[in-house]
Structures are given as structure tokens and as C-alpha cells.
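# Secondary and tertiary structure notes
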Amino acid sequence: RRLRDRTRRNIEEIEAKGFCKGIENYSRHLSGKSPGEPPDTLLDYFPRRNRDPNGISQSREPETKATNEKEDDEWLLVIDESHVTVPQIGGMFEGDRRRKTTLVQHGFRLPSAVDNRPLTGAEFWARVPQALYVSATPGAEEIRRAAAVGPSGG
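Residues numbered from 1 in each chain as written. Predicted model: local features only at pLDDT ≥ 70, side-chain atom pairs only at ≥ 80, totals over all residues. Heavy atoms only, no water.

### Examining the overall build of the chain
Note the cut-off: Helix and strand labels come from DSSP, where a helix needs a run of H or I of at least four residues and a strand needs a run of E of at least two; each type is numbered from the N terminus. In what follows, a contact means two residues having at least one pair of non-hydrogen atoms within 4.5 Å. The Shrake-Rupley method, run with a 1.4 Å probe, gives the accessible areas here. Residue values count only the displayed protein chains as cover.
Secondary structure assignment for the chain yields 5 helices and 2 strands. Tracing the chain from N to C terminus, the helices and strands come up as α-α-β-α-α-β-α. Taking the contacts inside the chain whose residues are at least 6 apart along the sequence as the reference set, 63% of them involve residues at least 24 apart. When the accessible surface of the chain is totalled, it reaches about 10200 Å², and 55% of it is carbon and sulfur.

### Brief notes about helix α3 (residues 82-105)
Cut-off, in case you're wondering: Helix span is expected to be 1.5 Å times the residue number reduced by one. What is called the bend at a residue is the angle between a pair of axes, fitted to the seven residues leading up to and ending at it and to the seven starting from it. Only protein chains enter the accessibility calculation, which uses a 1.4 Å probe. A residue is then buried if its area is under 20% of the maximum for its type, exposed if over 50%, and partly exposed in between.
When the terminal C-alpha atoms of α3 are compared, their 35 Å separation across 24 residues agrees well with the 34 Å that a helix rising 1.5 Å per residue should span. The sharpest bend along α3 comes to roughly 40°, located at Ile 89. Listed in full, the buried residues belonging to α3 are Ser 82, Val 86, Ile 89, Phe 93, Asp 96 and Lys 100. Once α3 ends, the next one or two residues include Gly 107, with phi positive near 80°.

### Comments concerning empty space enclosed by the protein
Applicable threshold: Both cavities and pockets are sets of points on a 1 Å grid over the protein atoms alone; in a cavity a 1.4 Å probe fits but cannot get out, in a pocket the set is open with protein on both sides within 12 Å along at least five of seven lines, and lining residues sit with an atom within 4 Å of a point. Grid points are joined across faces, edges and corners, and a volume is the space filled by probe spheres set on the points. Under the scheme applied, nonpolar residues are Ala, Val, Leu, Ile, Met, Phe, Trp, Tyr, Cys and Pro; charged residues are Asp, Glu, Lys and Arg; polar residues are all the others, including Gly.
Enumeration over the complete set of coordinates arrives at 1 cavity of 30 Å³ or more. Estimates place the volume of the largest cavity at around 60 Å³. Across the lining of the largest cavity, the residue classes break down as 4 nonpolar, 3 polar and 2 charged.

### Brief notes about the pairing of strand β1 (residues 77-80)
Note the threshold: Note on pairing: DSSP must find at least two bridges between two strands before they are called paired.
Burial along β1 is one-sided: Leu 77 and Ile 79 are buried, and none of Val 78 and Asp 80, which face the opposite way, are. In this sheet, strand β2 (residues 131-134) lies alongside β1 in parallel orientation, the contact comprising 4 bridges. The partner of Asp 80 across the bridge, within β2, is Val 134.

### Points about unusual backbone geometry
In terms of backbone geometry, most residues other than glycine have negative phi values and most peptide bonds are trans. A positive phi angle, close to 50°, is found at Glu 81, a residue other than glycine. Topologically, Glu 81 is positioned in the loop between β1 and α3.

### Digging into the pattern of salt bridges
As a reminder, the rule being used: What makes a salt bridge here is a side-chain nitrogen of Lys or Arg within 4 Å of a carboxyl oxygen of Asp or Glu, nothing more.
Counted according to the given criterion, the structure contains 11 salt bridges. A salt bridge links Arg 145 to Glu 141, with the nearest nitrogen and oxygen atoms 2.9 Å apart. Taken together, the residues span about one helical turn, with Arg 145 and Glu 141 both in helix α5 (residues 140-149) at a distance of 4 residues. The network of salt bridges with common partners includes Lys 33, Glu 37 and Asp 40.

Everything listed here is a matter of geometry and, on its own, says nothing about what the molecule does.
Set out below in C-alpha cells:
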């Protein structure tokens, strides 16, 4: 009952003001996305080509319409302290999912609230054309990704 009343109040507030407290819990409905579909993020505003789940471009050749146009993937993500940051990329999704599942189970959030979430690791890396890892102590994941595109990896 509490959740139903809150949802009604939120809808009335959205209709009257265009927003409400906690509007992010309705993001899937407002964006027209399907359940489980990745949310829109800042990374979606950068140009990109199709990549495999490891974030490696399917084509290493520049995709240009004319000789003076730049390649679609001409941006670089610089990850400082990558030995700390890279493991958090996939971990953010897992932590958010656990927290929101508990809130949904206890009636504090609508089930659709779980779709306003961080990207999974695979979703994140599929949006990043190239990355520079900055770390004094790189982890196994940075070394693996760097080797995949390094001199011997392509």
C-alpha cells in the first residue's frame, strides 16, 4: 500500500512539475527501455563501433566516409589508479543489484528500480574503444587488456 501511494504521488508530481524526488526509479519507463536493458550513460554520447564483450573493436581499420573524416572511435579513456578503478567497474553493478533487490523485496522500491543501475563490466567495456591504464601496480585485468591490443596482440 505504501509503495502504491508513493507511486501515485510521484506520478502526480511528475505530471505537475516534470520531476519528482527519486525520478531515477522510473527511468526505464520514461526512456521506453525494456526490463534488463542497459541504461543510457554518458558513454553513449561518444561515437562507437561494434566491439566484442572485451571492448576490442571488431575492425582495426578506420571507418571513414571521406579521406578527411576522422575515425569514429577517436577518443581515449584514461583510467588513473587503474589497479583500483578497473575492478570497481564490474563491482559497481553487483553491489547496486544487491542493494536494490533488498529494497524491492521489502517494498521500498518498484521492481523497475533495478534497471536504473551502473553498467555491467561487459557493457562498459563494449562502449570504450581504447583505454590508457595509469598505475604503478597494474592488476591482471589491465595487463590482459593491454596485451590484447599491444604489439603482439594486434
